[in-house]
Every structure is written in C-alpha cells, then in structure tokens.
Amino acid sequence: MSMLVWVMIGIAIWHFAIFFPDRFWGGIVGAFVFAIIGAVLVALIINGFSVPGQHNTHLASSLEAIPGAVLALAACYFYGDRVEPQRPPLD
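Residues numbered from 1 in each chain as written. Predicted model: local features only at pLDDT ≥ 70, side-chain atom pairs only at ≥ 80, totals over all residues. Heavy atoms only, no water.

Draft legend 1. Inspection of the environment of proline 67 at higher detail. Following the sequence through the fold, proline 67 ends up in helix H4 (residues 66–83). Assessed through its relative accessible area of 39%, proline 67 is described here as partly exposed. As a C-alpha pair, proline 67 and glycine 10 span 57 residues in sequence and 9.6 Å in three-dimensional space. (Helix = DSSP H or I, 4+ residues; strand = E, 2+ residues; numbered from the N terminus. Buried < 20%, exposed > 50% of the residue type's maximum accessible area, 1.4 Å probe, protein only.)

Written out as structure tokens, the structure reads:
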C-alpha cells in the first residue's frame, strides 16, 4: 500500500512542474517519470528497501516520498537545461 502512496505523492509533486519553464529533460513526460522514480527510490531507501503493507502505512509514509520527488525533478530540470538545445522564446 505504501508503494501506491509514494507513486501518488510523486504525481502530486509533478503537478508543480507547470510553474517552471519547460526545460525538463524529456519534457513534461520526462519530469513525470523522474518524479515517480525519485519518490519511490528515496522512500525505499528510507524504509530499508522494503515496502510496508497496508497496516503499516501511515501519514508519515507519504512524507517520505516528497524529498525524492523534489530532488528528482530538480535533477531532471538542471540536466535538461544543460543538455537540450535552447528554444526561442514564445512571443
């Protein structure tokens, strides 16, 4: 059950990507993938690479995924800003 919570938190954090210019590596889809993978990976590390079951899922389980999603989105943004060609501004 915690895996579902972590994925949903990653998706929720991903929605804040609209407030930044589209410089994510792979565009908005790349940001989506990075947010989910980052949230799950960091939450797994925090839990010792085990997924808590339904009865061990609490509010704190959702908070474990937030740093991973934010760090993954930041990495995706800065890598995409560096690698992808600059687009002309929309007028």
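Draft legend 2. Layout of the nonpolar core. With 17 residues, the main nonpolar core has Trp6, Ile13, Phe24, Ala31, Ala65 and Leu73 as its most contacted residues. Sorting the residues of this core by element identifies helix H1 (2–14), helix H2 (27–46) and H4 as the ones contributing at least two each. In terms of residue count, H2 provides more of this core than any other element does, six residues in total. Other than its neighbours up to four places away in sequence, alanine 65 contacts Trp6, Ile9, Ala39 and Ala43. (Core = buried A, V, L, I, M, F, W, Y, C linked by side-chain atoms within 4.5 Å. Contact = heavy atoms within 4.5 Å.)

Draft legend 3. Representation of H4. With 18 residues, H4 should reach 26 Å at 1.5 Å per residue; the first-to-last C-alpha distance of 26 Å fits that figure. The secondary structure elements touched by the buried residues of H4 are H1 and H2. (Expected span 1.5 Å × (residues − 1).)

Draft legend 4. Seen up close, H2. Its 20 residues place the ends of H2 29 Å apart at the C-alpha level, agreeing with the 28 Å of an ideal helix rising 1.5 Å per residue. When H2 is considered as a whole, its buried residues turn out to be Gly27, Gly30, Ala31, Ala35, Ile36, Gly38, Ala39, Val40, Ala43 and Leu44. Among the residues trailing H2, glycine 48 stands out with phi positive, at a value near 70 degrees.

Draft legend 5. A look at the packing of aromatic side chains. Inspection of the entire model under this criterion finds seven aromatic pairs. Taken together, a centroid distance of 5.1 Å and an interplanar angle of 90 degrees make the contact between tryptophan 25 and tyrosine 79 edge-to-face. Pair noted here: tryptophan 25 is in the loop between H1 and H2 and tyrosine 79 is in helix H4, with a separation of 54 residues, a long-range link. Relative to phenylalanine 78, the ring of tyrosine 77 has its centre 5.6 Å away and its plane inclined at 85 degrees; by these criteria the two rings are edge-to-face. Residue classification places phenylalanine 78 among the exposed positions, given a relative accessible area of 58%. (Phe/Tyr/Trp six-rings, centres within 6.5 Å; stacked < 30°, edge-to-face > 60°.)

Draft legend 6. The arrangement of the layout of surface pockets in detail. Its boundaries defined by the atoms lining it, the largest pocket holds a volume of some 170 Å³. Taken together, Ile13, Phe16, Ala17, Phe20, Phe24, Val70, Leu73, Ala74, Tyr77 and Phe78 make up the full set of residues lining the largest pocket. Of the residues belonging to the lining of the largest pocket, the class tally is 10 nonpolar, no polar and no charged. (1 Å grid on protein atoms, 1.4 Å probe; cavity = no way out; pocket = protein on both sides within 12 Å on 5 of 7 lines; lining within 4 Å. Points joined across faces, edges and corners; volume = space filled by probe spheres on them. Nonpolar A, V, L, I, M, F, W, Y, C, P; charged D, E, K, R; others polar.)

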